[in-house]
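Now for the letters of each chain:
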Amino acid sequence: MKSITKAYRPISWPMKGAGGDTGSWRVHRPVVDIKICTKCQFCWVYCPEAVIDRHEITIDYRYCKGCGICAAECPTGAIRMEKEE
């Protein structure tokens, strides 16, 4: 456990998936075109849910909320948003 003074200790430590699977209510999903992707990792940096794998540029759809920030920040257009089926 991290050493923090008692006055500033958070109630809980966040961890991946602590809130459960949250991707089920998504309307659009990001799809990566690996042929166009330059692996610049902008999507990984800007993803607010940290669901993009840094090295393989894959998306964990169990937790992706479909916000589209990754697609908006992609300089090559390798990520597009598709309607969820």
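Attention here is on the structure that accompanies the text. (Residues numbered from 1 in each chain as written. Predicted model: local features only at pLDDT ≥ 70, side-chain atom pairs only at ≥ 80, totals over all residues. Heavy atoms only, no water.)

Examining the overall build of the chain
No. 1: Summing up its helical and strand segments, the chain has two helices and two strands in all.
No. 2: Each helix and strand of the chain, ordered N terminal to C terminal, gives the series β-α-α-β.
No. 3: Across the chain, contacts joining residues at least 24 apart in sequence account for 66% of those joining residues at least 6 apart.
No. 4: By element, 55% of the accessible surface of the chain is carried by carbon and sulfur atoms, the whole surface being about 6400 Å². (Helix = DSSP H or I, 4+ residues; strand = E, 2+ residues; numbered from the N terminus. Contact = heavy atoms within 4.5 Å. Areas by Shrake-Rupley, 256 points an atom, 1.4 Å probe, with all protein chains shown as cover.)

Observations regarding empty space enclosed by the protein
No. 1: The tally for this structure, following the rule as stated, stands at one cavity of 30 Å³ or more.
No. 2: Estimated volume of the largest cavity: approximately 70 Å³.
No. 3: What lines the largest cavity is simply Val32, Cys37, Lys39, Cys40, Gln41, Cys43, Ile57, Cys74, Pro75, Ala78 and Ile79.
No. 4: In terms of residue class, the lining of the largest cavity is made up of nine nonpolar, one polar and one charged. (1 Å grid on protein atoms, 1.4 Å probe; cavity = no way out; pocket = protein on both sides within 12 Å on 5 of 7 lines; lining within 4 Å. Points joined across faces, edges and corners; volume = space filled by probe spheres on them. Nonpolar A, V, L, I, M, F, W, Y, C, P; charged D, E, K, R; others polar.)

Details of the pattern of salt bridges
No. 1: Scanning the entire structure with this criterion turns up five salt bridges.
No. 2: For glutamate 84, the salt bridge is made with arginine 29, and the minimal N-O distance between the two is 3.5 Å. Highlighted residues: glutamate 84 in the segment after β2 (79-83) and arginine 29 in strand β1 (residues 28-32), separated in sequence by 55 residues.
No. 3: Where aspartate 60 meets arginine 62, a salt bridge forms, and the shortest distance between an N and an O atom there is 2.9 Å.
No. 4: Residue class for arginine 62 comes out partly exposed when judged on its relative accessible area of 47%.
No. 5: Ionic contacts of the salt-bridge type, sharing partners, join the residues Arg26, Arg29 and Glu84 into one network. (Salt bridge = Lys/Arg side-chain N within 4 Å of Asp/Glu carboxyl O. Buried < 20%, exposed > 50% of the residue type's maximum accessible area, 1.4 Å probe, protein only.)

Some words on a nonpolar patch on the surface
No. 1: A surface patch of nonpolar side chains, amounting to about 450 Å² of accessible area, comprises Phe42, Trp44, Val45, Tyr46 and Ile69.
No. 2: Top contributing element to the nonpolar patch by residue count: helix α1 (residues 42-46), with four residues.
No. 3: Topologically, tryptophan 44 is positioned in helix α1. (Patch = residues over 30% accessible without salt bridge, like charges linked within 9 Å, V, L, I, M, F, W, Y side chains within 5 Å.)

Brief notes about the side chain of arginine 26
No. 1: Examined against the element boundaries, arginine 26 turns out to sit in the segment before β1.
No. 2: Take arginine 26: its relative accessible area is 9%, and that puts it in the buried class.
No. 3: Looking at arginine 26, its side chain comes within polar contact range of the main-chain oxygen of tyrosine 61, at 2.9 Å.
No. 4: Among the polar contacts listed, one links the side chain of arginine 26 to the side chain of glutamate 84, at a separation of 2.8 Å.
No. 5: The residues contacting arginine 26, other than those within four sequence positions of it, are Tyr61, Cys64, Lys65, Gly66 and Glu84. (Polar contact = N/O pair within 3.5 Å; in protein donor to acceptor, adjacent residues only side chain to side chain.)

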